[in-house]
Structures are given as C-alpha cells and as structure tokens.
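Residues per chain are reported as follows:
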Amino acid sequence: MLPVRSNFSRVGMEKKSASSIFWEGVALILTFDCLIGQDIPPDHGMRNVSQLGNGVVGILAETVNMWERRAPLTPSHCARLVLRGGRSTSGVNRIIVQPSTKRIHHDAQYEDAGCEISDDLSECGLIIGIKQPTLEMILPDRAYAFFSHTHKAQKENMPLLDKILQERVSLFDYELIVDDDGKRLIAFGKFAGRAGLIDFLHGLGRRYLSLGYSTPFLSLGQSHMYPSLAAAKAAVIAVGEEIATFGLPSGILPIIFVFTGSGNVSQGAQEIFKLLPHSFVDAEKLPEISAGKSLSPHYQSTRRAFQLYGCVITSRHMVSPKDPSKCFDKDDYYAHPEHYNPVFHERIAPYASAIVNCMYWERRFPRLLSTEQLQQLMKNGCPLVGICDITCDIGGSIEFVNKSTSIERPFFRYDPSTNLYHDDMEGNGVICLAVDILPTEFSREASQHFGDILSRFVTSLASTKGLLELPSHLRRACIAYSGKLTPLYEYIPRMRKTMIEMSPATANSLPDKKYTHLVSLSGHLFDKFLINEALDIIETAGGSFHLVKCDVGQSIDDMSYSELEVGADETATLDKIIDSLTSIANAHRGDPNATEISLKIGRVSERRIDDSMDKVGPKVLILGAGRVCRPAAEFLSSYRNIDINGCNDYNTDQVHVIVASLYQKDAEETIDGIKNATAAQLDVSDIGSLSNLVSQVEVVVSLLPASFHAAIARVCIELKKHLVTASYVDDSMSKLEQAAQGAGVTILCEMGLDPGIDHMLSMKMIDEAHAQKGEIKAFTSFCGGLPSPAAANNPLAYKFSWSPAGAIRAGRNPAVYKFLGEIIHVDGSKLYESAKRIRLPELPAFALEHLPNRNSLMYGDLYGISKEASTVYRSTLRYEGFSEIMAILAKIGFFDATNHPLLEETNRPTYRTFLSELLNVNDISPPNTKVNGEESRGHDDEVISRLMMLGHCKEKELAVKILKTIKFLGLHEETEIPKECTSALSVISQRMEQRMSYGHDEQDMVLLHHEVEVEYPDGRPAEKHQATLLEFGKSENGRSTTAMALTVGVPAAIGALLLLQNKVQRKGVIRPLEPEIYIPALEILEASGIKLIERVET
C-alpha cells in the first residue's frame, strides 16, 4: 500500500469530533496497563549491541522503485537537527546517510549539512526511510520508521514484519502517527493529486492530437520534467492563458472534468485544475452543460470555447437506493451497500470528458464504472476521452483499469469495442493513467513537506530508550517494540492465522464448533484498534472466529470492513458474544459523529459433526506425468484469488490438483513437494474409471499424446466438464464441435507453446494492427526448442528432450507457405536443404537458421489474413549448421525407417560395419591404427573420400564436419548394434538418444519470434511489429524444469484457470484465438515470469 493512498478520503465522510476519542482513550489506557504489567525497564530490548536511543540517526537508500527519489529528511532538516547544539538540545548528535545516486538531494549536500555518508548503518539507533526496506537492510536491536503497511496484516508485507520481530526491532509506522482526533500528522499531502493531474493533462494533449485536434495541453510536460512544483504550475498557467486567449476546438467541447472524492488527493488535483480557466458546476447541471444550454453566446462560438468545466461528485451521485421510497443516506450506504444500485454510469459518466478518480473503494461497494457499462456508454456516443485513476486501484472502482502504469509509460489505451488494451495513443477507446508512485515526481517539495513534520518526531525517536518515554502519538504508532508486538497490535497474528482473501465461505471453516454466526463489522477497526476489542470478546467468551473477508481502509479517515465467522458449541455462548459485539456498535448511537463501528448479524448455521468431508476448493485433473505436467500442477496449486462465477461453496482460495497417470509412482513423483496436489493411478482406456475421476473435478487438462484426446473429450462432454489440451485440433476433435456446444462445454485445444503462445501473440499483434485500420502484408513466425548456448556442445548444436526418431520424422514432413504472393511447396525429402540463415536484432549473438514448418497457409485462414497477406510463413528454428548436417545424414541413409537386411542377421553387425554398408564400401580401416608410432588417418580419409565420391558432400570442409558428427555419435565404433535396432533410423536414433541427451546440469531454451508487417491505406508509414519470447530451463532445489515444459505446461494451466474463472464464454472445440483468452492469458503468463518482448519499427 503506497503512502499516497493514505490521503484518499471516502466522499463526504465527516471528521470525528472530540467526543469520538472515548474508545481511543480506552485503548490507550489498555496500552499503559499492559506495558506496566509487563514491567518493561527503560532499557528493555537493549541486549547485546542494541543502539536504541543513542542519538545516531540513519537514512536508508530507497530501493523499492527506480523512480523513488524522495527522502524522509532533506539536508536542511539534517543540518538543523545536527547543528542545533548536539544531543542535549535536539536528541540527534549524528546522522549517517546511505549513499544514493538517484535521491533528489545529492550525497554532497548531506555532507555539507554535517551528515556522514556510509552504507554501514550499524552505529545508528534509529533508521528511517520512506518505503519498506529489503529484508537484508533490517539490522537487529534498532528502531525503524517508514511506511511499513503491516498493521492491517497485509499479506505481502508479513515477511517484513516477521524479520522485524526476529531481529528484535522496534517499528514505528508513519501512517499510524495520528492526533487524538484520529487525524494523520504526517503524510505526503496533496502531491499525488497534483502530479497525477499534470501527467494526465500532458497525455490529454497527445490524445486529442491523435484524434485530430491541436490543443494547448500538448505543450505541457509530465510532472517530473519540471525542476519544481512552481515551475510545473507555471507551465499549467501558461496553458491556461493560451486557452483563455485562443480557446479550444469546438469539436471536443464541452470539456468536463469529473473529480471523485473530496480528500487531500482530490484537492491536490483540483488545485492544478483551477490554474486553468474553469467553472465548477453541480452534478445536476451536467446534462445542461453537455447540451450547451447554459453557455453564454460567447462560449457558443462555432469555432472555439475558452474554459473547462469541473464537477466534484460524492457517493450520493454514484448510487441510488433500491427502495424508491427512500432517500440516499450515507451512513446506511456504508453499512449496507447492498441496498443501493450504481447510477454513476447513467447520471454522470455520459457527460464526462475526463474522470479523475481520487476516491477510496472496497469490493463490497458497487463499482464506479464497469467494463460493460463503459462499452455501452461508448456505443451511445459518450464523449469520455480518458481516465486519471490516481487511486491506482487495479480492477477496482473502475473495472477496466486492470493494470498499473509507470512514470516512464504512464498511459495505456483501452478499446471497449474490442476489449483490447494498447500502449499507444492512436485508435479507438479511452486513455488511462494509473501510476502508483506519483508524489515522487515532485520529490523535492514532497521531501521538504514530509521532513518538516518528521523532523519534529525524530528528536524523540532518536534519543528515547523506553517506549513509555515517548509522547502518546508516537507510542500509538509503534507496532513492535524490541521484537514484540505492542498490545495495540497483538491482533495481527490472530488475523494472519485466519485471514483469507476470497469472499466469505459458507459453513465448515470452524470444524470444531457446532454453531456459527456470520458477523459483519465496519468502522474504524484498525486505526481505533476496535478489532482488538471484538476479537477479545469472542475469545474470552469461549468462542472462535474465522476472518473470511477483510477490506481495510487506506487512510485514517476511511472505515474498514471485516466479516467474521464466529463459532461456539452452544447457542447461549454465541448469543452472549453477539450481545457483547452489539454493545460496542451501540455505544455511541446517540451521537452521529461518534459512530465507531456498525454490526450486521447473519443467520445461525448448525454444523453436524460428520460434515467434515467437504470440498477443499475447485479441482483440476491433469492427465499425464511427463515433464510438462509438473509446471502445470505447480502453477495451478499455487495460484490464488480465483473468482469462480456461480460457485460459492468453496472454503479455500486455492485450486486442488489431481495428477493421474498409468503408474501411481510417476504421478507421485510429479506432485512431490507440491501443496494441494494428489496423485492418482488411472488407465484412461478404462472409461469407467476415467468418468469417475472426471466427475469429481471442474476442469480436465490432458497432457497425454494427442491420440487419447478424443476419448477423453467425449467423457468431458458427457459429464459437462471443460477440457484443455496442448495438442493440435485434428479431425477426431473437430467432429466433437457440435456435441461440445450442445453440452455447454469448452474444449480448449492448442494451449501450449507451439501451438499456443504462438497463436496468442499472433492474434494480439494482428488484432491490434486491424484496430488501427492497418492491413497485414506479411506474417512470419519462428519457433524452436534448443539447447542453451552452453549446452549446444556437439556438432549438431542440438539435444533431444523427446524421441530422436520423432524429431527426425518431423524433419521429413513436407511444407507449404506463401511468399510474396507465391505458394511455395517443399518436399519432405528436401526440407533440410531449404533451411535459411536468420539473425534476430534483439539477440545478435545467436547464429540461427529456420526451415518451413508444415502447412503455413492454414494459419492465414485461422488468423483471418489470407486475403491481405502476401507472405504467410511459419518455421522451426535451429542453430546454424544443423540442417546441413541432417541433410547429409539423410542422404547417407540414416533416416530410412525400413528394416535393413544387415540388421536382420543373427550375427549382429558393429556400427562401423553398418556405416561401411551405407557408404557402399567393403570395409573401413579401424580407426587410430598406429604406423611407425603415429596414428593412421586411414579411417578418417576413407570416410571423407567416400562422402565426396558419392556426392553427399561437394566440399571437403563439409565432409570433415560430417565425419566429426559420425565420430561424435559413435557410428564408427567397433561395437555391436543392439538387437532392438532393425533400421537405419533406429540405429541413429539410439545413438542420438545416448549421445545427444541433456546432461544433469544442462539447460534447454525456447525461442519464439513473430514479425508482422503492417501497411496503412491512409498513407501512414508501414510498420513491422515484432514479438519475442526467450525462456531458459531452470534448476531449483535440485530439481530441473525445462523451458519447453514451462512454456507448454504453464499455458495449459492458464487455460484451465480461465475456465475456472468463467472468463472463456465460447463453447465447443476452440483455439486460443479470441481476446477473451489471449489477453488475460498473456498477462498471466508474464506475471508468472515468462517474459514477452514486443516492439514496433517503422
């Protein structure tokens, strides 16, 4: 959670009066009582090398983000602290600053202020920063102060809290430094709003230009481009003067900015907006403004207009009571949002040019704007140009803002007509800004503002050895003291123990209790520490609780919401707990300004003791136990937060994976060490057993050979279960299309690497080009599974992770493709000879070649580009020289699959004898015969001579290369050929499997590269769109995972995940060619660590 979010205020929320501090006082008394009861001496925690209270302050180098340039104290603050007269006056006698080359204030400035510059902060008793430090930066027995985001048990920061407790550290959190009225005393104020709106205006100018309108906004830069906030404001004022003088084009009028929220962030954004010529209007006037009815004749000019409109909306504008007889009531809305319908999309959004989102939002509230609502709005001609989401609440109140952006790339474009996301400004849709670190763009002013306040607290924190010596606002902000949670924060372990992140589960999460209540609590649960009281009430009465949902307020003004499943063995005990909780909720009901907590009681559920065999979560069946299965199982079993539409009967947020194989041992080895996974023995030819297992799961993933898929698919269709495979759609699968549609079942095929990721990348590039009115002139695809450069250590520079015989057969398949409008056919016997050299600009060190891969023409049809593309070509990648050697081995006869007479004889030939037979010679001299003390070259020379005489090699250099390959494979050795080898193909396959397999520590590599050439009929320059995937095999904890297994298994697992989430609406036998599949799949793929590089050349 970022500090900037701490200023988001829920719209219209009142500040608490002095009378509201009653419970705060109770909590404070409890703190004193507990501390006194523990008899904490002043030097508690000062064991060994403790430096607490020694007056030495350390300033951390910020590491969390490359743009983070803020500092908790500026050099001027440090100078005042150090030079004020030493410890006796200020409490600070030394300040040590970790060096940083990106901090807004240079190291030399801190030195000039009397600070020391050193990476070593071991002499410091107090260490301060802005964001969370890395775990390695936590030193034992010190005090730290920063935004820790741990006091609400935020899961992602619990490792940091564990480290703090382990190292006996005292932790002070800036977010918790509040006055007696609960108002935060230290924060980054309005800087997020200021920077966010300036950045948005900068992008707005570019967006309007792409739409054909030149505006003064185009001259405005981003916030970080200005040396100061004053300079940035001056630039905005200059833009405003130009608008006031020359006006804005009538085609984009009226320009209406809608601001959500009224807190500091919204005020900061409005502060910048007010530098432009403007008028603020009430929400009820928006239809009138949009229609131009209220504009004076001057502003109704057909050519220009000279001001913008602003509108600040609150929650009453966003929702309406479902009961038409009732009026909007804010307190009722916060307590019971289910009683209200969203109306923002009807009453506000249709008139907005820009939405500046500054409000705090929780999942229990209606969204401000959903994807479906936006799609309908744009169909109706809504003038919305952009979203400035300063909250950066991903997938939150504005649903289609599904990713954060960065300072260097602050915008993306969402096209609701195609549901596609783009990184450019041109084309249909709305631009979206969602930068999550905005205050750092004004690092100098933000640091000065922050340090002005923090410097007043540093003196106490640096010189105090005991917690009770600190003023009350600092005591309340201490989460841990000397490695122990302070009493106010002892609820954190209890929350961690029971918290899950999904919606409330129905019964059975408290198996030891017979009766349960679902209790909803909302209010200032954490900042007022009321969560402690609630949990104490439950446990003191002999009950237990399960925290099934928790939405935490992101500022001191925001309320939090929790749902607890409270359990007890007797209804009387449960009633007592509910009565006590109700007493908290009703404590100040007579004073509307003092409402601290609201309570909602759900129905009582009685649990029978024998109801213990419940579902542990959604189940996925993986068929197979090869290398590919483990990455798929690991991905699914570790993926969390799955929202399964229509299914709310799971009491866990994790997928349970069943891996089934013909041999139980293989399945057990596949899932070894994977949580939430079960091994099963299954013969898929036994339809009864297969049906029994399929009936117990939601989705089946078949990673078996393609020949099994049709039978498996028929079972899935009968039982109405979805299926995912990584194999091509063949005739047997195509015939199941109608049956699958009729059953409402999705059979998602070709969801691997090739086919799979290649499909998804291709369609993403093609759809994006089409969305920009471009025409595809050429589509080329290169893909290969290769050894990593370090493992490419044989003459062929290739190694096998599967059957060499299968790979050789694949290399004998005919191919067809289109090149510059001409259809090119390649005979299978000439395939290796058709290989061509290729160099990829992104990977200049790779010497590669490509050879055509079967029927490329069908992909022109699949991708919908057959009529427009003059080139459609798909190929297989190998290291350069591979095909040349394979072509010669084929000519020698090593790839002949027919039984060879010599191999049918009772007396087994040696490899050397068989080589002689293929080269049509009586015999080849034994190798390395010594003549006069020197090794004979007779063997080598005879092979080279014969290769050239038979016409296999025209140049001796190539013949020498073939000889090296023969010798590497041992095809010249005086060793008998095994009886199972009956053909030349089986001989060389057996040798390749022995000599060309991956070693224990060797890695493979997957390389996929697409190129799409796009032309634009309107005269824009032609573009070449490129996408590249490069993945290497991995070795962790003594277990190796190949790149091929990752890039096949993980996409298949992602397909299952999307089906679990009900993200795939199409039924029948399908490929991943639609945006509903490839957009989320590629995003999840990248999030899982498989990186995709895209770029455009003109």
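Residues numbered from 1 in each chain as written. Predicted model: local features only at pLDDT ≥ 70, side-chain atom pairs only at ≥ 80, totals over all residues. Heavy atoms only, no water.

**Student:** What is the right way to read the confidence of the model for the chain from this model?
**Tutor:** A low pLDDT means the predicted coordinates there should not be read in detail. With 82% of its residues at a pLDDT of 70 or more, the chain shows a mean pLDDT of 82. Every residue in residues 588–597 scores below 50 in pLDDT, and together they form 23 contacts with partners more than four places removed in sequence or on other chains. Here residues 600–615 is a poorly scored stretch, pLDDT under 50, and it has 39 contacts once near neighbours within four places are set aside; other chains count. (pLDDT = per-residue confidence, 0-100. Contact = heavy atoms within 4.5 Å.)

**Student:** How should I be thinking about the side chain of Asn54 in this particular structure?
**Tutor:** Mapped onto the elements of the fold, Asn54 is located in the loop between α1 (22–37) and β1 (56–59). One polar contact links the side chain of Asn54 to the main-chain amide nitrogen of Val56, over a distance of 2.9 Å. (Helix = DSSP H or I, 4+ residues; strand = E, 2+ residues; numbered from the N terminus. Polar contact = N/O pair within 3.5 Å; in protein donor to acceptor, adjacent residues only side chain to side chain.)

**Student:** Help me understand the pairing of strand β2 (residues 94–97) in this model?
**Tutor:** Looking along a regular strand, one sees the side chains alternate between the two faces of the sheet. Examined bridge by bridge, β1 and β2 share four bridges and lie parallel to one another. Its bridge partner lying in β2, Val56 is registered against Arg94. Two elements, β2 and strand β3 (residues 116–117), share two bridges in a ladder whose sense is parallel. Bridging across to β3, Val97 finds its partner in Ile117. Running through helix α4 (residues 107–112), the crossover from β2 to the neighbouring parallel element β3 is right-handed. (Pairing = 2+ DSSP bridges. Right-handed = clockwise from strand over helix to strand, strands pointing away.)

**Student:** Mind showing me how you'd approach the sheet that holds strand β28 (residues 699–702) here?
**Tutor:** Hydrogen bonding along the main chain pairs the strands of a sheet, whether they run parallel or antiparallel. Read from one edge of the open sheet, seven strands run β27-β26-β25-β28-β29-β30-β43, paired in parallel fashion. The strands lining the two open edges of the sheet, one partner per strand, are β27 (677–681) and β43 (1068–1070). When strand polarity is set aside, the average angle formed by the axes of neighbouring strands in this sheet is 20 degrees. Bridge analysis of strand β29 (residues 722–725) against strand β30 (residues 746–748) gives two bridges, and the strand direction is parallel. Along β30, the bridge assignment pairs Val724 with Leu748. The sheet contacts of helix α19 (residues 629–638) involve β25 (619–623) and β26 (656–661), and relative to β25 the element is tilted by about 175 degrees. Against the sheet, helix α22 (residues 709–719) engages β25, β28, β29 and β30, with an angle of about 160 degrees to β29. (Axes fitted to C-alpha atoms, helices over the stretch in contact; angles between N-to-C directions.)

**Student:** What's the story with the packing of aromatic side chains in this structure? I'm lost.
**Tutor:** Taken as a whole and assessed by the stated rule, the structure comprises 30 aromatic pairs. Ring geometry for Phe259 against Phe273: centres 5.3 Å apart, planes inclined by 70 degrees, an arrangement best described as edge-to-face. Taken together, the residues Phe259 in strand β8 (residues 256–260) and Phe273 in helix α8 (residues 264–273) connect sequence positions 14 residues apart. Residue classification places Phe259 among the buried positions, given a relative accessible area of 0%. (Phe/Tyr/Trp six-rings, centres within 6.5 Å; stacked < 30°, edge-to-face > 60°. Buried < 20%, exposed > 50% of the residue type's maximum accessible area, 1.4 Å probe, protein only.)

**Student:** What exactly am I supposed to notice about the sheet that holds strand β4 (residues 126–128) here?
**Tutor:** An order of β3-β2-β1-β4-β5-β6-β19-β20 is seen for the eight strands of this open sheet, with the pairing classed as mixed. Pairing within the sheet leaves two strands with one partner each, and these edge strands are β3 and β20 (484–485). The pairing of β1 with β4 spans three bridges and is parallel. Across the sheet, the residue bridging to Val57 is Leu126, located in β4. Contacting β1, β4 and β6 (170–173), helix α14 (residues 443–463) runs over the sheet at an angle of about 155 degrees to β4.

**Student:** Would you explain the pattern of salt bridges in this entry?
**Tutor:** Between side chains of opposite charge, a pair can form as their charged atoms come close. Considering all chains together, one arrives at 36 salt bridges under this definition. Residue Lys285 pairs with Glu288 through a salt bridge whose shortest N-O separation is 3.8 Å. Residue Arg1039 pairs with Asp672 through a salt bridge whose shortest N-O separation is 3.2 Å. Placement of the pair is Arg1039 in strand β42 (residues 1039–1041) and Asp672 in the loop between α20 (664–671) and β27, with a sequence separation of 367 residues. The partly exposed category is assigned to Arg1039, whose relative accessible area is 29%. When its relative accessible area of 45% is taken as the criterion, Asp672 is described as partly exposed. Each of Glu68, Arg70 and Lys131 takes part in one network of salt bridges that share partners. (Salt bridge = Lys/Arg side-chain N within 4 Å of Asp/Glu carboxyl O.)

**Student:** How should I be thinking about unusual backbone geometry in this particular structure?
**Tutor:** Where the residue is not glycine, phi is negative for most of them; where a peptide bond is considered, it is trans in most cases. A cis geometry characterises the amide bond from Leu253 onward to Pro254, with omega recorded as -10 degrees. A positive phi angle, close to 60 degrees, is found at Asn676, a residue other than glycine. Examined against the element boundaries, Asn676 turns out to sit in the loop between α20 and β27. Among the residues examined, Asn676 registers a relative accessible area of 26% and is labelled partly exposed. In the Ramachandran plot, Asn1062 falls in the positive-phi region, its phi being about 60 degrees despite a non-glycine side chain. Residue placement: Asn1062 occurs in the loop between α33 (1043–1060) and β43.

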